[in-house]
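# Understanding the architecture of this molecule
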Amino acid sequence: MAIAAVAVTLAPAPALAQAPAKEVDCTEVKCVALTFDDGPGKYAGTLLDTLKKYDAKATFFLEGQYVKTRPAYVKRMAKEGHELGNHSYKHPDFTKLTAPAIRAEIQKTNDEIKKAAGVEPKLLRPPYGLGDIQTSEVAAEFGMPIVLWTGGSRDWETKNEAAIKKQTLAVAKGNSIVLMHDWVKQTVDAMPAIIQTLQKNGYHLVKVSDIIKHEDLQPGDAFPVPEGWDK
Ligand code: NI
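The structure displayed is predicted, hence computed values, not measured ones. (Residues numbered from 1 in each chain as written. Predicted model: local features only at pLDDT ≥ 70, side-chain atom pairs only at ≥ 80, totals over all residues. Heavy atoms only, no water.)

### Some remarks on the pattern of salt bridges
Keep this limit in mind: One side-chain nitrogen of Lys or Arg within 4 Å of one carboxyl oxygen of Asp or Glu is enough to make a salt bridge. Working definition: helices are DSSP H or I runs of at least four residues, strands are E runs of at least two. Numbering for both runs from the N terminus. For each residue, the accessible area found with a 1.4 Å probe, counting protein chains only, is set against the maximum for its type, and the residue is called buried under 20%, exposed over 50%, and partly exposed in between.
In total, this model carries eleven salt bridges according to the counting rule given. The shortest N-O distance in the salt bridge between Lys 115 and Glu 112 comes to 3.8 Å. Here Lys 115 and its partner Glu 112 are both found in helix H5 (residues 99-117), three residues apart, which amounts to about one turn of the helix. Relative accessible area serves as the criterion here: at 65%, Lys 115 is assigned to the exposed category. Between Glu 157 and Arg 154 there is a salt bridge, with the nearest N and O atoms lying 2.5 Å from each other. According to the relative accessible area criterion, Arg 154 is partly exposed, its value standing at 41%. Within this structure, Asp 49, Lys 52, Arg 76 and Glu 80 form a network of salt bridges that share partners.

Right, here's the structure in full:
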């Protein structure tokens, strides 16, 4: 019987259509959350291929207007284990809107994401990372914490592959939340090298929720705590 048991142990694991989600504890291992705003951008498909190849997870803060025009990418993001967040419908500055207008921006985007991928976003990132007490109050109505970033790739500014790689690696430290954009072609082009370097340095590329779950954020709370919101 012992021989039979060994044979069972040595049998190869059956190939799974989709790998089960791995539990990563970011208090135990080094984690970085790459976050992509304003999408799905037109290079999202290439980015998703890269993330899949390196078994990396990411978070997408989506704009409702592009979810509506590119729903297949959004469906794929959810299916492949990435996190979907709300980045408004048309990217207005929330500090210049009334509460009902903010509410509509969030609701319309949640509705499009639900329609495209069958999931409801749990996190909000207001456009430009700008907000105030009113933004927090509306986010709280939706039960959403607000997630900003700890470092930016400055990809929208440099649009240069080498510069994006250098800046991203400079800000990607333990439990960093890095701001990037999947509409910047050079970002998507730089991604294989960025991921390879981070993984070689021992980082796990995780969803933003894996990092903030130790922060005990309540709906309407913003993380990292922004300067100048409490005015
Ligand atoms: Ni944005």
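Now, onward.
### Quick notes on the coordination of the nickel ion
Basically, it comes down to this: Only nitrogen, oxygen and sulfur atoms qualify as donors, and only when within 2.8 Å of the metal (3.2 Å in the case of Na, K and Ca); with water excluded, sites may look incomplete.
Here the nickel ion is held by Asp 38 (OD), His 87 (NE2) and His 91 (NE2), and the distances to it run 2.1 Å. In this structure Asp 38 comes out as buried when scored by relative accessible area, which is 11%.

### Considerations on the environment of Gly 39
To keep it simple, the criterion reads: Contacts were defined at the residue level, with two residues in contact if any of their heavy atoms lie within 4.5 Å.
Tracing the backbone shows Gly 39 in strand E1 (residues 31-39). As a C-alpha pair, Gly 39 and Tyr 66 span 27 residues in sequence and 6.2 Å in three-dimensional space. Setting aside its immediate chain neighbours within four residues, Gly 39 contacts Phe 61, Leu 62, Glu 63, Tyr 66 and Asp 182.

### A few points about the packing of aromatic side chains
Any two aromatic rings considered together are summarised by their centre-to-centre distance and by the angle between their planes. Quick reminder of the rule: By convention, a stacked pair of Phe, Tyr or Trp rings (six-membered ring in the case of Trp) has centres within 6.5 Å and planes under 30 degrees apart, an edge-to-face pair has planes over 60 apart, and any other such pair is tilted. Criterion for a charge above a ring: Lys NZ or Arg CZ within 6 Å of the ring centre, and within 35 degrees of the ring normal.
Applying the stated criterion to the full structure yields one aromatic pair. Relative to Phe 60, the ring of Phe 36 lies with its centre 5.5 Å away and its plane at 25°, an arrangement referred to as stacked. Here Phe 60 lies in strand E2 (residues 59-62) and Phe 36 lies in strand E1, a separation of 24 residues in the sequence. Taken as a pair, Phe 36 and Phe 60 share a single burial class, namely buried. Taking the ring centre of Tyr 203 as reference, the NZ or CZ of Lys 30 above it sits at 4.3 Å. When the ring centre of Tyr 89 is taken as origin, the NZ or CZ atom of Lys 108, which lies over that ring, is 4.2 Å away.

### What to know about the packing of H5 against helix H6 (residues 133-141)
Formally: Angular values range over 0 to 180 degrees, each being the angle between N-to-C directions of two axes fitted as lines to C-alpha atoms, with helices fitted over their stretch in contact. If an angle is under 35 degrees, it is roughly parallel; if it is over 145, roughly antiparallel; if it lies from 65 to 115, roughly perpendicular; otherwise it is oblique. Crossings are assigned a handedness: left-handed for a near helix turned anticlockwise from the far helix by less than a right angle, right-handed for a clockwise turn. Gly is placed with the polar residues, together with every amino acid not listed as nonpolar (Ala, Val, Leu, Ile, Met, Phe, Trp, Tyr, Cys and Pro) or charged (Asp, Glu, Lys and Arg).
The geometry of H5 relative to H6 is characterised by a closest axis approach of 10 Å and an angle of 45° between their N-to-C directions. With respect to their mutual orientation, H5 and H6 come out oblique. Once H5 is placed against H6, the crossing between them reads as right-handed. Where H5 abuts H6, its residues Ala 99, Ile 102, Arg 103 and Ile 106 lie against Gln 134, Thr 135, Val 138 and Glu 141. Here the residues of the contact of H5 with H6 are counted per class, giving four nonpolar, two polar and two charged.

### Focus on the pairing of E1
Our working rule: When DSSP finds two or more bridges between a pair of strands, those strands are recorded as paired. Crossovers are marked right-handed if the path from the first strand over the helix to the second runs clockwise, as seen with the strands pointing away from the viewer.
Of all the nine residues making up E1, nine are buried; the element is thus mostly covered by neighbouring parts of the structure. Note that E1 and strand E7 (residues 204-205) share two bridges and pair parallel. Considered in E7, the bridge of Val 32 is made with Leu 205. Across six bridges, E1 lies against strand E6 (residues 176-181) in parallel orientation. Considered in E6, the bridge of Phe 36 is made with Met 180. As defined by bridge partners, E1 adjoins E2 across four bridges and the pair is classed as parallel. Of the residues in E2, the one forming a bridge with Thr 35 is Thr 59. In this region the chain leaves E1, passes through helix H2 (residues 44-53) and returns to the parallel neighbour E2; the handedness of that crossover is right-handed.

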